[in-house]
Amino acid sequence: MVPLKPLAVSLLLFFWGFPSKALDETDWHNDAFLHDEEQHIIQRRAINDNEIRATALQIWNSVKDLNVQYDGVTHKGKPLKLFTENQRTLRLDPYFTRLFGFYSARLGVEDGCVRSIGCKEAQNRFIENISQNNGPISILYGFLTKKGLFKGDYKAFKESLQTIWFKPYSRSRGVLDSSAFEHVFLGEIRDNAVMGLHNWMRMYDEELGGRFVLTRDGNYFPTAKPAVANVIFTWNGFPKNQGSTFFMKKSPAVETALYTLCFMARPGQNCPIDLGSFQLNVKTFAWTKDKGLIGTAYPEIP
């Protein structure tokens, strides 16, 4: 048999497609975060709540609120909407929304990102975009390195962030059907009910497409100038009866930084954050089978 030349091999791969395989462990980096749990606990205990509040406020103020107008209350004779009608053409973060199409909401179905180089590239671009100098992620990096919760340069930090948020894991029968990013920002469906989905951009996009439907008036905090909301809804026809709580006008960079801050400093506990005129807690919980990955994260309305 005549051996194929490199050009011929390339052409065959072009027409037949590149082999599809799950990305292996070497594609994920988290070595710079402390893995000695006892030492990690010591480092966390050395951080007081006021330091967390001050860092959260820096992160919160590092990016201006986006111009989002909410409705979320019943108007006689009109269907209940989360966003006002004049917000129908709001421009969303393209690096964020580019990721939507790679994920399957149904647990038990392998996500497209597991075998997609294109998704991995979209994840890389998302992390690079939210990690620009002097932004929320760089503030987070400075705090975590100062407090000894991360050891490494900024490049290593971005790689570790990608692992924390995007490394796939299984919530159903061993299938790689979930990740921190998908659960927190995009939402999932299990046993005919919605899980996660704590992001306004995702809700906006889904409401625009007719898939996200409010089922009762929202709860907004603080009343005078709301920054956090809890809403009860159906998504793709499935309910989330306990509702989802989310930040109302912030960028994915701010949300990612706040949730990661709380995950590193106060996992599984009340994480106190200062948002200027008011304070509240953020809750983060580690994935049960890997304490280095986020299982869920969301703000709590006092």
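All values derive from a computational prediction rather than experimental measurement.

*Asks:* Sorry, what's going on with the environment of Leu144 here?
*Replies:* Note on placement: Leu144 falls in helix α6 (residues 136–146). On the basis of relative accessibility, which here comes to 0%, the residue Leu144 falls in the buried class. Distance in space between the C-alpha atoms of Leu144 and Met264 is 8.1 Å, their sequence separation being 120 residues.

*Asks:* What should I look at first to understand the sheet that holds strand β7 (residues 270–274) in this one?
*Replies:* By definition, the strands of a sheet pair up through backbone hydrogen bonds, in either a parallel or an antiparallel sense. The three strands lie next to each other as β7-β8-β9, forming an open sheet whose pairing is antiparallel. What marks the edges here is a single partner per strand, and that holds for β7 and β9 (290–300). Geometrically, the sheet is characterised by an average inter-axis angle of 35 degrees between neighbouring strands, direction not taken into account. Sheet topology places strand β8 (residues 279–287) next to β9; seven bridges connect them, and they run antiparallel. For Val282, the partnering residue across the bridge sits in β9 and is Pro299.

*Asks:* Just to check I follow, could you spell out the pairing of strand β5 (residues 228–235) for this structure?
*Replies:* Looking along a regular strand, one sees side chains alternate from face to face of the sheet. Taking burial as the measure, the eight residues of β5 include seven buried ones, the bulk of the element. Of the strand pairs in this sheet, strand β4 (residues 219–221) and β5 are connected by three bridges, and their pairing is antiparallel. Looking across to β5, one finds that Tyr220 is bridged to Ala229. Connecting the antiparallel pair β4 and β5 is a turn made up of six residues. The antiparallel hairpin formed by β5 and strand β6 (residues 238–247) contains two residues in its connecting segment, where Asn236 sits at a positive phi of about 55 degrees.

Cut-offs applied
Residues numbered from 1 in each chain as written. Predicted model: local features only at pLDDT ≥ 70, side-chain atom pairs only at ≥ 80, totals over all residues. Heavy atoms only, no water. Helix = DSSP H or I, 4+ residues; strand = E, 2+ residues; numbered from the N terminus. Buried < 20%, exposed > 50% of the residue type's maximum accessible area, 1.4 Å probe, protein only. Pairing = 2+ DSSP bridges. Axes fitted to C-alpha atoms, helices over the stretch in contact; angles between N-to-C directions.

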